[in-house]
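# An overview of the molecular structure
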Amino acid sequence: MASTSRSAVVVAAALLWGSCRPEYQVISAVEVDPADVLPCDFTPVDGAPWMSRYDCNPVFSTTDEAWVDDIVSVGFRAQAVVGHPTYQVWYSARTPFGSDYDWGIGYAVSSDGTTWEPHPNNPVYRAGAGWDADNADQLAVVYDHDRNRHVMAYQGYRLGPDADFGMGLLTSPNGIDWSSPVGAEPLIDLSATIDGIDYCWPLSLSYDDGLYRGWMAGHRPGELLCQIYSFTSPDPADGFDVDGAGNSPRVVLGAGPEAYDKGGVTASATVELDGVYYLFYVGFAEWEELDDNLFTSERHTLNLAVSTDGRAWRKHLDNPIPVHLTEERVISGVGAQAVAGRVHLWVTDEYAEVGGQAVGYYLFDPSELP
């Protein structure tokens, strides 16, 4: 991977990788426009001038690490260290280990959100022989400053005659040493109907003012529409309370009727900025049947919904956001962070120059929204 600011990244790495100590307290963040410090420019997206694309995308495709075969999922987080935003990424990757448990989670840091320094002891978490032996996807990482810990939610599964499918939970004091607070089982069994809902996959996780909020895609049996449901919890290890009247699950963002998300949602990221919540989500248009009872989502696009309370969402009228790079529309993930008055986005899409999925960098300016 190219590194145009390695010295700055290494300084950030030294601060973070040795940080079993509490994180730095910063009174005010430094206002830095990424376009002023990065080697490439940002260009407004045609049809969505409130979204700008980094001209040197992709910014994360492979880490050139021996343990990485190909990267499956990425989860981003930004924090202020001595006044400067430092970016963190956790990525699940298939590995050439040669065992039955062929995935791990790596960790890298960046001083600018575009060039990344992998941790020297990657992978920081390895698959075991349990319910999630075959994959970890949909990584979502938040920092709980009240308990001084990182929390990661993810989708895992094991194939074969004893197939399992669930949402896992890991915690870490430093973002590097991970363990499960719920033992050897998933936090949520995604193969079971729960309160009348069949959940498809976890979407995203947030933490604010002592409360975790999680979003999952789910549907009523027989519907095959992966719509968004919301949950809250003071501590995910103790389970989530469903967000709905009388503890009955309710859809907080429905599928369709527009064509771009008529099938549902596969990924999302939520940020709050100046009292407004922004939900960036990957919607898909339809299902394709691959085999008996095996379906895959097709025609993925990036979309936006807005809320004043984080519960009731309104889809933006200009959806989908025209950032997809191919006619097949194979966007698979989105990460979002609010830093110094701006929303930074990392969108996973198909890049011909790397021959597969990679992550592109974008800036979102809500003041320019129509």
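Everything numeric in this text was worked out from a predicted model, so none of it was measured.

## Concerning the pairing of strand 10 (residues 164-172)
Of all nine residues in strand 10, seven are buried, a share of seventy percent or more. Where strand 9 (residues 149-158) meets strand 10, nine bridges bridge the pair, whose relative direction is antiparallel. Note that in strand 10 the partner of His150 across the bridge is Ser172. Once strand 9 ends, the chain turns through five residues before running back antiparallel as strand 10, passing Gly160 with a positive phi of about 105°. Examined bridge by bridge, strand 10 and strand 11 (residues 188-189) share two bridges and lie antiparallel to one another. Bridge pairing links Gly166 to Asp189 in strand 11.

## Some words on the confidence of the model for the protein chain
The predicted model of the protein chain has a mean per-residue pLDDT of 86, with 87% of residues at 70 or higher. Note that residues 1-16 has pLDDT below 50 and, in this model, 33 contacts with residues that lie over four places away or in other chains. Note on residues 18-22: pLDDT under 50 across the span, and four contacts to partners over four residues away in sequence or across chains.

## Description of the pairing of strand 13 (residues 197-208)
By the criterion of burial, strand 13 is predominantly enclosed, with nine of the twelve residues buried. Bridging between strand 12 (residues 193-194) and strand 13 involves two bridges; their strand directions are antiparallel. Note that in strand 13 the partner of Ile194 across the bridge is Ile197. The antiparallel pairing of strand 12 with strand 13 creates a hairpin that spans two residues between the two strands, and Asp195 there sits at a positive phi of about 50°. Where strand 13 and strand 14 (residues 211-219) come together, nine bridges link them in antiparallel fashion. Across the sheet, the residue bridging to Tyr199 is Gly218, located in strand 14.

## Concerning the packing of aromatic side chains
Applying the stated rule across the entire model yields 23 aromatic pairs. With a centroid separation of 6.1 Å and an interplanar angle of 85°, the aromatic rings of Phe60 and Trp116 are classed as edge-to-face. Linking Phe60 in the loop between strand 2 (48-54) and strand 3 (70-81) with Trp116 in the loop between strand 5 (103-110) and strand 6 (117-118), this pair joins segments that are 56 residues apart in sequence. What makes Phe60 buried here is its relative accessible area of 2%. Looking at Trp116, the relative accessible area reads 5%, which means it is buried. Relative to Phe231, the ring of Tyr199 lies with its centre 5.5 Å away and its plane at 65°, an arrangement referred to as edge-to-face. One end of the pair, Tyr199, is in strand 13; the other, Phe231, is in strand 15 (residues 227-233), with 32 residues separating them in the sequence.

## Overview of the side chain of Ser110
Looking at the element boundaries, Ser110 is found in strand 5. Of the residues examined, Ser110 reaches a relative accessible area of 0% and is grouped as buried. In terms of polar contacts, Ser110 uses its side chain to reach the side chain of Asp112, at 3.0 Å.

The rules behind the values
- Residues numbered from 1 in each chain as written.
- Predicted model: local features only at pLDDT ≥ 70, side-chain atom pairs only at ≥ 80, totals over all residues.
- Heavy atoms only, no water.
- Buried < 20%, exposed > 50% of the residue type's maximum accessible area, 1.4 Å probe, protein only.
- Helix = DSSP H or I, 4+ residues; strand = E, 2+ residues; numbered from the N terminus.
- Pairing = 2+ DSSP bridges.
- pLDDT = per-residue confidence, 0-100.
- Contact = heavy atoms within 4.5 Å.
- Phe/Tyr/Trp six-rings, centres within 6.5 Å; stacked < 30°, edge-to-face > 60°.
- Polar contact = N/O pair within 3.5 Å; in protein donor to acceptor, adjacent residues only side chain to side chain.

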